[in-house]
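# Notes for the structure review
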Amino acid sequence: MRLTSRVAPAALAVAALLLGVLPTQAQADPDRTPDRAPDRITVGDRTFIADGQGRALQWRGFNLADKNSRGTHAFADIHESDIEDMAARGFNLARLAFFWDDLEPTPGHYDRGYLTKMRRILDWANRYHIKVILDAHQDVYGPHFGSRGVPDWATRDEGLPFWPIPDDWFSEYFEPSVQTAFDHLYKDADLRAAHARMWMTVASALGRHPALLGYDLMNEPFAKFLEGEDLPAAAARFEATELTELWNRLARAIRLVDHRSWVFVEPTVIVGLGVPTRMGRIDDPHAGYAPHFYETGMETGADYDPNGTFIPAFEAAISDYPTRHRMPVIVGEWGGNPYVPHASQFVTDMTASLDRFASGWTWWQWCRGGGYCFLDQTGTAKPNAQLLVQPYARAVAGDPLKFAYDPATRTYTLTFRTRDNAEGPTRITVPRDTYPDGYRVDIQGNKASWDNHGQTVTVNTHGRAKATYRVTISPR
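Note that the structure is a prediction, hence the values are computed from the model and not measured.

Looking now at the overall build of the protein. For the protein, the count of helices and strands is 11 helices and 21 strands. Expected size for 476 residues packed as a compact globule is a radius of gyration near 23 Å; at 22 Å, the protein falls within 12% of this value. Counting across all 476 residues of the protein, residues that qualify as buried make up 56%. Taking the intrachain contacts of the protein between residues at least 6 apart in sequence as the baseline, contacts between residues at least 24 apart amount to 73%. Carbon and sulfur atoms form 51% of the exposed surface of the protein, whose accessible area is close to 19700 Å². Treating the 50 positive side-chain charges of the protein as one cloud and the 59 negative ones as another, the clouds have centres 9 Å apart.

Structure representation (structure tokens):
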């Protein structure tokens, strides 16, 4: 079955929007009352997503991606047990990769079965209290170049040659044919409209699902280099112009059908080299920043260098943009080989860094086997990857001032300041695997109490607003 008849009116609305026919005040249905959107809380130079009780939220989880299954077999390697196991270890977020080439195999014809499978995964997530970010994933543009992402019918490479590089697939992004395809996607009116229409279809079908947190608009965007440009120069020009315009255009299209969910935007991968993004403002009240955090040396097979400058350089590069625009940061991808000699130090250093600049993250990826998989073939967490299982405050009734976990002593600390408009308790996830022999909770601050249920420590504060509390959780 196809969705053509359902999305035809939406397609007309998008076409009018992209051609500038609709005035700004008429870009959304004037008879539709906007949903109550999630709020945000800014504490110092960091912004958090807030829930309906005004609590600052934090996120920990994994990417779910099945790149090998296509068509009727799409998502075959993602099971309800995966979501259940993630929740059993205390995680609360999944970034679900979907592929435009599967969703819209021919122009204007959307696969209803594909959307049904996406909804089924959202249903599983809701059952286990996990939120989901839908990631429009692409690698090396799409199937025209032997990968996944943008459909073949939306690929215009001007007949330029393409040479696969199996041992260094990322270098395929530098092929002129691939860069030309990206350039047409950003510039050709019909492809721009198709891209926006695709997102409207997804948002219209899934935007009201209770498990949905938001949309990651496109994985690792790339662009065409101009003559004489190196990677930093090309990235800076692209981010400041075409990429900023792309994110705003797709966000506007989504808002025609979904006023509630978050939209997450990515910079180019150049941020991984410690180069600040040059993206402009995203004109959406609920836009989040979703960079990726990969150590370049480890990406090419090297061990992690505990004395290297990668992490401080990345932190220095990543902080300015979300701080200036008051955007929550959820790192959409990070990871590494858990079997290299310094893997445990890598996970420890990276999670500590993420606690300093982000409010959430999703590791690449939840799967069984080799590579960056969290689990081995038996379904057991790999020894160094197990270090990802840490306490964290999923909901803070106030301003989170500082939070950190020390794996050496297995001690978690949270310092927060209460606010008038924050209701409900602070909830700290304490995974069972972290303290198999039990734990103790100490609270510094006036008039506070706590209890625990399952993997959650609940802290209730009874003092005045703007009071500061420090919660410490340590082995019994």
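Here the focus is the packing of helix 6 (residues 189–206) against helix 7 (residues 231–255). Between helix 6 and helix 7, the shortest axis-to-axis distance is 8 Å and the interhelical angle comes to 45 degrees. In terms of axis orientation, helix 6 runs oblique to helix 7. As helix 6 runs across helix 7, the sense of the crossing is right-handed. In this structure, helix 6 contributes R192, H195, A196, W199, M200 and A203 to the contact, and helix 7 contributes E245, L246, R249, L250, A253 and I254. Here the contact of helix 6 with helix 7 is built from residues that sort into eight nonpolar, one polar and three charged.

Okay, helix 9 (residues 310–318) next. One full turn of an α-helix is made of 3.6 residues, so residues set three or four places apart face in the same direction. When helix 9 is considered as a whole, its buried residues turn out to be F310, I311, F314, E315, A317 and I318. The buried residues of helix 9 occupy an angular sector of 165 degrees when the element is viewed end-on, so they sit on one face.

Okay, the sheet that holds strand 5 (residues 93–98) next. With respect to topology, eight strands assemble into an open sheet ordered 9-8-7-6-5-4-13-11, the strand pairing being parallel. If you trace the sheet from one side to the other, it starts and ends with strand 9 (287–289) and strand 11 (330–331), each paired once. Bridge analysis of strand 8 (residues 262–265) against strand 9 gives three bridges, and the strand direction is parallel. Of the residues in strand 9, the one forming a bridge with V265 is Y289. Against the sheet, helix 7 touches strand 7 (212–216) and strand 8, its axis set at about 165 degrees to strand 8.

Below, the discussion takes up the sheet that holds strand 15 (residues 399–406). Ordered by their spatial adjacency, four strands build an open sheet running 15-16-21-18, and the pairing between neighbours is antiparallel. Two strands lie at the open edges of the sheet, namely strand 15 and strand 18 (439–444), each paired on one side alone. Across the sheet, the axes of successive neighbouring strands diverge by a mean angle of 10 degrees, strand direction being ignored. Note: strand 16 (residues 411–417) against strand 21 (residues 468–475), six bridges, orientation antiparallel. For L414, the partnering residue across the bridge sits in strand 21 and is V471.

In total, this model carries 26 salt bridges according to the counting rule given. Residues R95 and D216 are paired through a salt bridge, measuring 3.1 Å at the closest nitrogen-oxygen approach. Taken together, the positions of R95 in strand 5 and D216 in strand 7 put the pair 121 residues apart, joining distant regions of the chain. Across this residue pair, the class does not change: R95 and D216 are buried. We note a salt bridge from R148 to D101, for which the minimum N-O separation is 3.1 Å. Of this pair, R148 sits in the loop between strand 6 (131–136) and helix 5 (176–187) while D101 sits in helix 3 (residues 100–103); the two residues are 47 residues apart in sequence, bridging distant segments of the chain. Overall, R148 belongs to the buried group, its relative accessible area being 3%. Each of the salt bridges in this network shares a partner with another, and the network as a whole consists of R95, D135, D216, E266 and E333.

Let us look at the packing of helix 4 (residues 112–127) against helix 6. Following both chains from N to C, one finds helix 4 and helix 6 inclined at 50 degrees, their axes separated by 11 Å at the closest point. Taken together, helix 4 and helix 6 sit at an angle that is classed as oblique. Two packed elements cross with a definite hand, and for helix 4 against helix 6 that hand is right-handed. Touching L115, M118, R119 and L122 of helix 4 are T201, V202, A205 and L206, all from helix 6.

Let us now look at the domain arrangement of the protein. Split into domains, the protein comes out as domain 1 (40–389) and domain 2 (391–475). For domain 1 and domain 2, the distance between their C-alpha centres works out to 30 Å. On the domain 2 side, the residues contacting the 23 residues of domain 1 number 27 residues. The contact between domain 1 and domain 2 buries some 1900 Å² in all, and 50% of this surface belongs to carbon and sulfur atoms. Our count for the contact surface shared by domain 1 and domain 2 stands at zero salt bridges. Secondary structure elements with two or more residues in the side of domain 1 that touches domain 2: strand 1 (39–43), strand 2 (46–50), strand 3 (56–57), helix 2 (80–88) and helix 11 (343–357). When its residues are assigned to classes, the side of domain 1 that touches domain 2 shows 10 nonpolar, eight polar and five charged.

Reading guide: rules and limits
- Residues numbered from 1 in each chain as written.
- Predicted model: local features only at pLDDT ≥ 70, side-chain atom pairs only at ≥ 80, totals over all residues.
- Heavy atoms only, no water.
- Helix = DSSP H or I, 4+ residues; strand = E, 2+ residues; numbered from the N terminus.
- Rg over C-alpha atoms; globule rule 2.2 N^0.38 Å.
- Buried < 20%, exposed > 50% of the residue type's maximum accessible area, 1.4 Å probe, protein only.
- Contact = heavy atoms within 4.5 Å.
- Areas by Shrake-Rupley, 256 points an atom, 1.4 Å probe, with all protein chains shown as cover.
- Lys, Arg positive; Asp, Glu negative; His and termini not counted.
- Charge placed at Lys NZ, Arg CZ, Asp CG, Glu CD.
- Axes fitted to C-alpha atoms, helices over the stretch in contact; angles between N-to-C directions.
- Parallel < 35°, antiparallel > 145°, perpendicular 65-115°, else oblique.
- Left-handed = near helix turned anticlockwise from the far one by under 90°.
- Nonpolar A, V, L, I, M, F, W, Y, C, P; charged D, E, K, R; others polar.
- Arc of directions from axis to C-beta.
- Pairing = 2+ DSSP bridges.
- Salt bridge = Lys/Arg side-chain N within 4 Å of Asp/Glu carboxyl O.
- Domains from an automatic or database assignment.
- Buried area = accessible area lost by both parts, 1.4 Å probe.

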